[in-house]
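# Fold and contact review
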Amino acid sequence: QKHLTTKEIGKNIIHFNSIDSTNSYAKGIADKTPSGTLIISEEQLSGRGRLGREWESPKGDGIWMTLILKPKFPPSEGGKLTQIAAASVWQGINKVLGLKSLIKWPNDIVINGKKVCGILTEMSAELNQLHYLIVGIGINVNNEAFHNTIADKATSLFLEKGEKINRRALLCEILNAFELLYDSFVKEGTLKESLNICRNNSAILGKEVIIQQGANQAKAKAVDITEEGLLEVLTEEGKKTEILTGEVSIRGE
Ligand code: ADP
């Protein structure tokens, strides 16, 4: 399916040749923009990852985009959108390219151990009321190379597939998948379909991982992703705990 079949997601598209960051732009207009609006740019001059880290977004190579969403649920649910987005991108890569990617909880998609997509969900809320959510998705599509600093940990769909990829077809498939998963979440309040994808195609479940939260580091075994979208781990002391967010690296990698 190469066409957009959505009712809300991506029906309103704002396209840029160049912009500082699609997430930053989305924040500026979210209050007066309908839910489902998509901001997309050919390049980002200061694309961001988590904690203000840089996201390399060269011109024409990627899908650098942000979705603005205004669901009527409490802000505590916001993080779940990252799992929905990850499942959608996974589906798009799988259906359009036939490539097997893995989801590295909470917000990355990897192929052969290298990052091909990063997701950055941010929200604006006040007094337990959600104003809007913005879901930033950066996918390395036709990148031929990366800067030295990330060359050993980044890859693109082109590099993995060995041929240039039609960004539009991939984008449509991802948005179609996103709307289905998002709708079922909004209607039923459960993440179940997204979780199936995130669990069955996880880069970390069943593995020994290192969890870094602030200055603290701990070794653990990644056991499951909960109904809430949290990572359940078994600590070295044999205790099960749930991790809200943080750095997760796979031991030995
Ligand atoms: P993580 O999910 O690993 O915490 P972030 O979400 O913070 O990472 O993403 C930012 C990091 O990703 C950067 O510090 C850099 O190492 C790496 N990075 C930057 N641009 C890209 C890119 N286009 N593809 C893959 N990795 C990138």
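Computed from a prediction, not measured in an experiment: that's the story for all the values here.

### Some points on the side chain of Q83
One can find Q83 in helix α2 (residues 80–97). Setting aside its immediate chain neighbours within four residues, Q83 contacts W105, P106, S194, C198 and G229.

### As for the pairing of strand β5 (residues 108–111)
Neither face of β5 is open: one carries D108 and V110, the other I109 and I111, and all of them are buried. Relative to β5, strand β4 (residues 102–104) is paired through three bridges, and the arrangement is antiparallel. By the bridge assignment, I103 is partnered in β5 with I109. Connecting β4 to the antiparallel partner β5 that follows it, the hairpin turn spans three residues. Of the pairings in the sheet, the one linking β5 to strand β6 (residues 114–126) comprises four bridges and is antiparallel in character. Bridge pairing in β6 links I111 to K114. Counting the residues in the hairpin turn of β5 and β6 gives two residues, including N112, whose phi is positive at 50°.

### Observations concerning the side chain of S21
You can see S21 is positioned in the loop between β1 (13–16) and α1 (22–29). Assessed through its relative accessible area of 2%, S21 is described here as buried. Within the structure, the side chain of S21 is placed 3.3 Å from the backbone nitrogen of N23, a separation counted as a polar contact.

### A short note on the domain arrangement of the protein
Under the domain assignment, the protein is made up of domain 1 (13–200) and domain 2 (208–250). Just the C-alpha atoms count here: the centres of domain 1 and domain 2 sit 23 Å apart. With both sides pooled, the region where domain 1 packs onto domain 2 buries about 1100 Å², and carbon together with sulfur makes up 51% of that total. Here K80 and E228 are joined by a salt bridge, their closest N and O atoms 3.2 Å apart. Taken together, domain 1 and domain 2 are joined by five residue pairs in polar contact (both at pLDDT 80 or more). In terms of residue count, helix α5 (residues 192–200) provides more of the side of domain 1 that touches domain 2 than any other element does, three residues in total. Grouping the constituent residues of the side of domain 1 that touches domain 2 by class yields six nonpolar, one polar and six charged.

Rules of the game
Residues numbered from 1 in each chain as written. Predicted model: local features only at pLDDT ≥ 70, side-chain atom pairs only at ≥ 80, totals over all residues. Heavy atoms only, no water. Helix = DSSP H or I, 4+ residues; strand = E, 2+ residues; numbered from the N terminus. Contact = heavy atoms within 4.5 Å. Buried < 20%, exposed > 50% of the residue type's maximum accessible area, 1.4 Å probe, protein only. Pairing = 2+ DSSP bridges. Polar contact = N/O pair within 3.5 Å; in protein donor to acceptor, adjacent residues only side chain to side chain. Domains from an automatic or database assignment. Buried area = accessible area lost by both parts, 1.4 Å probe. Salt bridge = Lys/Arg side-chain N within 4 Å of Asp/Glu carboxyl O. Nonpolar A, V, L, I, M, F, W, Y, C, P; charged D, E, K, R; others polar.

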